[in-house]
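Below are the chains, spelled out letter by letter.
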Amino acid sequence: RDSKIIYAASQGPLWGPGGERGLYKSTDYGTTWDSVLYISENTGVTDIVMDPRNPDVLYAASYQRRRHVWTLLNGGPESAIYKSTDAGKTWNKLKSDLPSGDVGRIGLAISPVNPDYVYAIIEADYDNSGFYRTTNRGASWEKMSDYKNVSAQYYSEIFCDPVQLDKLYILDTFSKITEDGGKTFTRISTKGRHVDDHAFWINPNNANHFLIGGDGGIYETFDGAQTFHFKDNLPITQFYRVSVDNHEPFYRVMGGTQDNSSMIVPSQTINEEGIVNADYIPLVGGDGYEALTDPENPNIIYCQWQYGGLTRYDMQSGELLSIKPQEGKDEEPYRWNWDTPLIISPHANRLYAAANKVFRSDDRGNTWKVISDDLTSQVDRNKLPIMDKVWSVDAVAKNASTSFYGNIVSLSESPLVEGLIYAGTDDGLIQVTENGGESWRKIESFPGIPEMTYISCLFASLHDANTVYATFDNHKRADFKPYILISNDRGKSWKSITGDLKEPQVVYSIAQDHVKPDLFFIGTEYSVFFTINSGKNWIQLKGDLPTQAVRDLDIQKRENDLALATFGRGFYILDNYAPLREINEQTLEKENYKLFPVKDVLMFIKRSATFGSLGSSYFKADNPPFGAAFTYFIKETPKTLLEQRKEKEKELIKNNQQVYYPSWEDLRNEDREEKPYLFFTITDEDGNIVRKLKTEAKSGINRFTWDLKYASTNPVKKVTDENASGFPVMPGKYKVTMSVFANGLLSDVAGPVEFEAKVLNNATLPVEDRNQLVAFQEKIYELSRAVNGAIESVNDLSTKIEIIKTALRQTENAPQELTEKANIILQKNKELYTLLVDDETISKRNEPTKPTISGRLSEVTYGMWQTTSAPTLTYKNNYQIAAGEFKIVLRDLQTLLDIEVKNLESEMDKLKSPWTPGRIPDWKE
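Residues numbered from 1 in each chain as written. Predicted model: local features only at pLDDT ≥ 70, side-chain atom pairs only at ≥ 80, totals over all residues. Heavy atoms only, no water.

## Examining the sheet that holds strand β38 (residues 441–443)
Keep this limit in mind: Here, strands pair whenever DSSP counts at least two bridges between them. Under the DSSP-based scheme used, a helix requires at least four consecutive residues in state H or I and a strand at least two consecutive residues in state E, with every element numbered from the N terminus. Lines fitted to the C-alpha atoms define the axes, with helices restricted to the stretch that makes contact. Angles between their N-to-C directions range from 0 to 180 degrees.
Sheet architecture is open: four strands sit in the order β35-β36-β37-β38, paired in antiparallel fashion. Edge strands, defined here as strands with exactly one partner in the open sheet, are β35 (408–413) and β38. Pairwise comparison of adjacent strand axes, ignoring direction, gives a mean angle of 20° for this sheet.

Right, dumping it as structure tokens:
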């Protein structure tokens, strides 16, 4: 009724007390908020509904629960339904016929057909759970059935049909429909649709049209859930883990998703569109986690689903084999974390996995050896307090939908010392073995880290055998501080390298650069950071990376790429972060220009669009920009005269001094000045210039890419800063120099830097001699340059002659023979157009025409544009014919322009004809 008024139900932090729990109201579009319902520090509000006919009538569901590090408790005595009839000023707790005692999550809905009807799905202890309905606005309630959600903490959402009273939709693992107010339920079809639904919208004007959103994405139906359309253009995948391999020519990225399998995808393709949905290959279902490539066979992928569901996937056949370690006879059950650690030894083709114990396999998972005892604290989670007391086995949803407590969550083996392995647990321990598991040393306290804090990541140093790094995650106890520690003595002592990183940047993962020991990356709840001084200072990497939890990261050493697993926006890759190694205080403070080393680049022909006509119905990720990437730093861009004057004036005003009007000469110089820009000059091994590229001058670290092509030879018809490209250059070594244009001068400021362009060699029939291919391309594009220029000249001449004829009509003493000469030139020009471009007399009547010069040439240029194969004999013949015919056309065109038109214009000057394009006015006083 009033768009300024908004209500917000806040559950607050799930893991600790929080004053922001409760129901809030804003009367100014959300600018300010007032608390209108507060129960206690342990109780939030999870649902609110409003009477569609009376906005003062509200129903709210309070929710008392805790999710601790060790377990879940999904209810308490303060969960209840409240009603307000004065827009939230006062509230009454509804009790009649509703469950009492410990109650879990409650979902509410009010019928738009009849607001006397309110529905509730209630999780409770014993037999009190069920679906409830009131037909008198909450005065009394009837339990309609015992139906309850599979896991109320994730679901408990009710949506009413806009037309039919007592027809409702219940979101669940398998969502349901009821048409009798909750007495009976039927399952909504999941044919071709993922389970686990969390969001719903129904068209108020068409009840057969609705959207369901869940763990699999968004689905739309127009026929009441008989069929669904999947929205596969949303980049919203939640990745827990990421890893990269060394696949050639493009490495692959692997990782596990929330309830959508482990997957593998190429980091780059040769497709014009980039990387599309079809490039992803599912590995194993469920909640996916770590996925790793066998170091000896790239077709073998080790991948997981939750609770240690370790599998071996054959990329060649698609076969999947479970290789999860199993308990021995009479052995106590293993406690697997939902996110099981899995690593491949850097010293051998050896797997390590962990539950509460560490397992080793030297035969690709066919057999496993237990190499540790239980490395956890072995605490009984059922004896630990929640909300200041220990709860009974009958507490609401006790221990449901959570990992078994007391397990290993992180593993790392030193790449420098075989058998030096670190294991971190969910209950705050780090265990170290220096002999491959024969004996373990326990560390249970860390400076500045609360006891029992989850060890989110361990990383054995790539550069020092005694050094290891650890990150800690304590957010499940309402502690959102970042924790990063280093040990230089294999875990015996620790110190913080959190530096200037502030909360709430909870740290999930850390990785060290393989070249520069002081360069690290971390993934946090909101972004990714790097440090160039071993943690004294942390800098956020931004660019086009959205604010998002970065749960895991990995480094592709061959390419120097940083891969991220974000929890909600898929994978991200920072291509070639190597320039970060060059950054130091001198670079940032003392050098105004720097051109970083250029990575060698692959040359290939992009594949034509294969998904180009599917509209926006699917997602595509950009490939890395094709070509040589020039990374450069500019501390301060050159200032224009206008910018310099304004800075001086600003300083004068600041010091209360007079600002005088600039001279006309100064203003004229400002108006005429060309803005500063950057110029990249690329030369070949012999020092010949092969390309000159212009781009904007911007301060900071930037990138500019050369596409490994010569400049275009097409006609230039307008002023532009576009760097139009022609045909590819030769493979080989090149150098790039960066120059800056400022104050009317072009000055070299950085470089030259050398790099190499290498052929991908993915063609089946490549040319045997690349020099001959490029030489033929040069001939083709040189002829193309001349022919296209001639065509433009013919077109311009046609327009020019028509203008001349108009000018002659306006010249009183012009004889008719000059107009006839103009007509003769015009007809000759049309004949040239027919030979160059098209015989329009025939073609417009839909009859076949003889090949023209540009037609033959186009057949060759377009044919050679998408290939590295040798030119065909047809191409060579076409070139010879086109070149021979063009010599005659060019001679005739030059005669027209240089002789006949000039003579005609000379006669017009004598007759004082009006000015026409190309003539300089003839005037004498």
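## A word on the sheet that holds strand β42 (residues 495–496)
With antiparallel pairing, the four strands of this open sheet are ordered in space as β39-β40-β41-β42. With one partner strand each, in any of the chains shown, β39 (454–460) and β42 form the two edges of the open sheet. Sheet topology note: the strand β40 (residues 468–473)/strand β41 (residues 483–487) ladder contains five bridges and is antiparallel. Bridge pairing in β41 places T471 opposite I484.

## Remarks on the packing of helix α7 (residues 853–865) against helix α8 (residues 873–910)
Test applied: Put simply, a crossing is left-handed when the front helix is turned counterclockwise from the back one by less than a right angle, and right-handed when it is turned clockwise. We call two residues contacting when some pair of their heavy atoms lies within 4.5 Å. Charged means Asp, Glu, Lys or Arg here, nonpolar means Ala, Val, Leu, Ile, Met, Phe, Trp, Tyr, Cys or Pro, and polar covers whatever is left, Gly included.
Here α7 crosses α8 at 145°, and the two axes come no closer than 9 Å. Where α7 crosses over α8, the handedness of that crossing is left-handed. On α8, the residues that touch I853, R856, E859, V860, G863 and M864 of α7 are Y875, N878, I881, A882, E885, F886 and V889. Across the contact of α7 with α8, the residue classes tally to eight nonpolar, two polar and three charged.

## Some points on the packing of aromatic side chains
As a reminder of what qualifies: Note on aromatic contacts: the rings of Phe and Tyr and the six-membered ring of Trp form a pair at centre separations within 6.5 Å, being stacked when their planes are under 30 degrees apart, edge-to-face when over 60 apart, and tilted otherwise. Accessibility here uses a 1.4 Å probe with only protein chains present; expressed as a share of the type maximum, an area under 20% marks a residue as buried, one over 50% as exposed, and anything in between as partly exposed. In this analysis the charged atom, NZ for Lys or CZ for Arg, is taken to sit over a ring once it is within 6 Å of the ring centre and within 35 degrees of the ring normal.
Considering all chains together, one arrives at 39 aromatic pairs under this definition. Considering the side-chain rings of Y119 and F131, the 6.3 Å spacing of their centres and the 35° angle between planes classify their relative orientation as tilted. Of this pair, Y119 sits in strand β11 (residues 118–124) while F131 sits in strand β12 (residues 130–134), and the two are twelve residues apart along the sequence. By the burial criterion, Y119 is buried, and F131 matches it. Ring geometry for F446 against F472: centres 5.1 Å apart, planes inclined by 55°, an arrangement best described as tilted. You can see F446 sitting in the loop between β38 and β39 and its partner F472 sitting in strand β40, a full 26 residues away along the chain. Here F446 and F472 have matching classes, each one buried. Aromatic ring contacts, followed pair by pair, group F159, Y169, F200, F210, Y219, F228 and F230 into a single cluster. A cation over an aromatic ring shows up here: R193 above the ring of F228, its NZ or CZ 4.9 Å from the ring centre. Over the ring of Y508 we find R551, and its NZ or CZ is 4.8 Å from the ring centre.

## Some words on the pairing of β11
Across the seven residues that make up β11, a large majority, seven, are buried. Along β11, one buried face is formed by V118, A120, I122 and A124 and the opposite face, lined by Y119, I121 and E123, is buried too. Sheet topology note: the strand β10 (residues 103–110)/β11 ladder contains six bridges and is antiparallel. Pairing of I106 across the sheet is with I122, part of β11.

## Focus: a nonpolar patch on the surface
The following threshold applies: Patches in this entry comprise residues that are over 30% relatively accessible and not in a salt bridge; like charges within 9 Å are linked, as are nonpolar side chains (Val, Leu, Ile, Met, Phe, Trp, Tyr) within 5 Å. Accessible surface is estimated by sampling points in the Shrake-Rupley manner with a 1.4 Å probe; for residues, cover comes only from the protein chains shown. Salt bridge, as used here, is a side-chain nitrogen of Lys or Arg placed within 4 Å of a carboxyl oxygen of Asp or Glu.
On the surface, I218, L234 and I236 cluster together to form a nonpolar patch covering roughly 220 Å² of accessible area. Among the structural elements, I236 can be located in the loop between β21 (229–230) and β22 (243–244).

## Concerning the packing of helix α4 (residues 770–809) against helix α5 (residues 816–836)
We count it as follows: Here is the rule for angles: anything less than 35 degrees is roughly parallel, anything more than 145 is roughly antiparallel, 65 through 115 is roughly perpendicular, and the remaining ranges are oblique.
Axis separation between α4 and α5 bottoms out at 10 Å; the angle between their running directions is 160°. The angle between α4 and α5 places the two elements in the roughly antiparallel class. The crossing of α4 and α5 is left-handed. Residue-level contacts link V787, A790, I791, V794, N795, L797, S798, I801, E802, K805 and L808 of α4 to L818, T819, A822, N823, I825, L826, N829, L832, Y833 and L836 of α5. Here the contact of α4 with α5 is built from residues that sort into 14 nonpolar, five polar and two charged.

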